[in-house]
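Coordinates in review
Residues per chain, in single letters:
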Amino acid sequence: MLRLAAEKPIHVGPALSVIDILAVLYTSVLRRRSREPHWPDRDRLLLSKGHGAYGLYAVLAEAGVLDADLAALPGHPADGIPGVEAATGALGHGLSLGCGMALGARLGGSPGRVVVVTGDGELDEGTNWEAAQFAAHHRLDNLVAVVDRNGLQQEGRTEHVLALEPLADKWRAFGWRVAHADGHDPAALHHTLSALLAAPGPGVLLARTVKGRGVSFIEDDARWHSGRLTPEQLDRALGELAAGAGTARGAEQEAPLPGRGPGEAPAGRDVRA
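Given the structure is predicted, the values throughout are model-derived calculations rather than measurements.

The first and last C-alpha atoms of helix H9 (residues 231–243) sit 18 Å apart over 13 residues, in line with the 18 Å expected at 1.5 Å per residue. Where H9 is concerned, the buried positions are Leu234, Ala237, Leu238, Glu240 and Leu241. Taken around the axis of H9, the buried residues stretch over an arc of 160 degrees, which confines them to a single face. In H9, the exposed residues that point more than 90 degrees away from the buried face are Glu232, Asp235, Ala242 and Ala243.

A few words on the pairing of strand E1 (residues 44–47). Neither face of E1 is open: one carries Arg44 and Leu46, the other Leu45 and Leu47, and all of them are buried. Direction of pairing for E1 relative to strand E2 (residues 114–119): parallel, over a ladder of four bridges. By the bridge assignment, leucine 47 is partnered in E2 with valine 117.

Turning to unusual backbone geometry, a few remarks are in order. Residue proline 166 is reached from glutamate 165 by a cis peptide bond, and omega for that bond is 0 degrees. Position of proline 166 among the secondary structure elements: in the loop between helix H6 (158–161) and helix H7 (167–173). The phi torsion at arginine 139 lies on the positive side, around 50 degrees, for a residue other than glycine. Notably, aspartate 220 is not glycine yet its phi reads approximately 55 degrees, a positive angle. When you line up the elements, aspartate 220 lands in the loop between strand E7 (203–208) and H9. A residue is classified by how much of its surface remains accessible, and aspartate 220, at 15% relative accessible area, is buried.

Attention now moves to the packing of helix H4 (residues 94–107) against helix H5 (residues 126–137). Contact geometry for H4 and H5: axes closest at 8 Å, N-to-C directions at 20 degrees. As far as their axial angle goes, H5 and H4 are roughly parallel. As for how H4 packs across H5, the hand of that crossing is left-handed. Contacts between H4 and H5 pair Leu95, Ser96, Cys99 and Leu103 from the former with Thr127, Asn128, Ala131, Ala132, Phe134 and Ala135 from the latter. Residue composition of the contact of H4 with H5, by class: seven nonpolar, three polar and no charged.

Within a sheet, each strand pairs with its neighbour through backbone hydrogen bonds, oriented either parallel or antiparallel. What the five strands build is an open sheet, ordered E1-E2-E3-E7-E6; its pairing is parallel. Whereas interior strands pair on both sides, the edge strands pair on one side only; in this sheet they are E1 and strand E6 (177–182). Neighbour-to-neighbour, the strand axes of the sheet open up by a mean angle of 20 degrees, direction not taken into account. Pairing analysis gives six bridges linking strand E3 (residues 143–149) to E7, with the strands arranged parallel. What sits directly across from valine 146, in E7, is leucine 205. Packed onto the sheet, helix H2 (residues 12–29) meets E1, E2, E3 and E7 and runs at close to 175 degrees relative to E1.

Attention now moves to helix H8 (residues 186–198). Over its 13 residues, H8 runs 18 Å from end to end, which matches the ideal 18 Å to within 8%, given 1.5 Å per residue. For H8, every residue scored as buried is listed here: Ala187, Ala188, Leu189, His190, Thr192, Leu193, Leu196 and Leu197. Tucked inside the fold, the buried residues of H8 contact H2, E2, E3, E6 and E7. By the N-cap criterion, in which a side-chain oxygen at the helix start approaches the backbone nitrogen of a residue two or three places on, H8 is capped by aspartate 185, the distance to alanine 187 being 3.1 Å.

Reading the values: rules and limits
Residues numbered from 1 in each chain as written. Predicted model: local features only at pLDDT ≥ 70, side-chain atom pairs only at ≥ 80, totals over all residues. Heavy atoms only, no water. Helix = DSSP H or I, 4+ residues; strand = E, 2+ residues; numbered from the N terminus. Expected span 1.5 Å × (residues − 1). Buried < 20%, exposed > 50% of the residue type's maximum accessible area, 1.4 Å probe, protein only. Arc of directions from axis to C-beta. Pairing = 2+ DSSP bridges. Axes fitted to C-alpha atoms, helices over the stretch in contact; angles between N-to-C directions. Parallel < 35°, antiparallel > 145°, perpendicular 65-115°, else oblique. Left-handed = near helix turned anticlockwise from the far one by under 90°. Contact = heavy atoms within 4.5 Å. Nonpolar A, V, L, I, M, F, W, Y, C, P; charged D, E, K, R; others polar. Polar contact = N/O pair within 3.5 Å; in protein donor to acceptor, adjacent residues only side chain to side chain.

Below, the structure is given as structure tokens:
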């Protein structure tokens, strides 16, 4: 993915923020069949924060779902791309789509579950809260939302643009179960997501992440919402990923991250490169 960012400007910061979450979902949480992408009873993943698309494409390619030149794919998930359940990128609509899919699965007798990954700045959109109310009213046990809580949006810090906190209390007020995890800890993500999907009622994971995770000069910098790497920056970024040298400064930490939970997920190859 970083090599692609050296070829053309892409949303590199948002993709690095969410890629660990997507990798865990596809490698160890979602029930799917790589050779049968339209299996009716599959779990469905919606990337509502569509600007993280190249992170999704990289994970889909690594998981054997997508065989395509990433450079030829659009900057937001689009219909017709293997592994993409719905076109997204007009922020705020993924959770509504997920509600419809979850309710449809239940009415059709399917065991399929739905996971919607949203950005935190995206929660400024009122449609998210209409969907949250709908999901709780219909007791959608097969629906989980994941908030990529990196504390940044295109205009700046989320708490400066339009404060979200106390975010957990807001979800609870709408009738959702709330969990917290380090969004870059595969074991914690695997454990927490699996527990949410097994519990009754809709649930949300507030995943603490770092925009641009793994590359020190991109981390926690809103200017890298989108950008193109120079050859020198690419070499430095690949070297830092290989060494695990990202600073992980993090977003504004309104609450401390919980400790790691049990469970494990396959480490696999680093798809960020």
